Amino acid sequence: LINNETEAGYSLAVRQDELQTRLNNIQNNYIIQYSALNALLFQLNSTSTSLASALTAITNINAGK
């Protein structure tokens, strides 16, 4: 009986370690995805600013004609 409980406890500990490893991997993947998304948003914001400046310049040129 004690051996069965000890074995069950060991199995639960192993399962807990496996789940923790899986959760750590998922967390790492989310961190990587978030970082990539953050970089993309920064790049898109820079592109938006550049396009807005270009459109303003075109509008000013056309207004001067």
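Refer to the structure above for everything that follows.
All of these numbers come straight from a predicted model, not from anything done at the bench.

**Points about the overall build of the protein chain**
- Counting its secondary structure elements, the protein chain contains 1 helix and 0 strands.
- By its C-alpha atoms, the protein chain is 95 × 10 × 5 Å across when sized along the principal axes.
- For the protein chain, the accessible surface area stands at approximately 6100 Å², while carbon and sulfur atoms represent 60% of it.

**Re the environment of leucine 51**
- Secondary-structure assignment places leucine 51 in helix 1 (residues 2-63).
- For leucine 51, a relative accessible area of 53% corresponds to the exposed category.
- Spatially, the C-alpha atom of leucine 51 lies 25 Å from that of tyrosine 34, the residues being 17 residues apart in sequence.

**What about the pattern of salt bridges?**
- Inspection of the entire model under this criterion finds 1 salt bridge.
- For arginine 15, the salt bridge goes to glutamate 18, with nearest N and O atoms at 3.7 Å. Here arginine 15 and its partner glutamate 18 are both found in helix 1, 3 residues apart, which amounts to about one turn of the helix.

**Looking at a nonpolar patch on the surface**
- Nonpolar side chains collect at one region of the surface, where Leu37, Leu40, Leu41 and Leu44 lie side by side and expose about 370 Å² of accessible area between them.
- In this structure, leucine 40 sits in helix 1.

Reading the values: rules and limits
- Residues numbered from 1 in each chain as written.
- Predicted model: local features only at pLDDT ≥ 70, side-chain atom pairs only at ≥ 80, totals over all residues.
- Heavy atoms only, no water.
- Helix = DSSP H or I, 4+ residues; strand = E, 2+ residues; numbered from the N terminus.
- Areas by Shrake-Rupley, 256 points an atom, 1.4 Å probe, with all protein chains shown as cover.
- Buried < 20%, exposed > 50% of the residue type's maximum accessible area, 1.4 Å probe, protein only.
- Salt bridge = Lys/Arg side-chain N within 4 Å of Asp/Glu carboxyl O.
- Patch = residues over 30% accessible without salt bridge, like charges linked within 9 Å, V, L, I, M, F, W, Y side chains within 5 Å.

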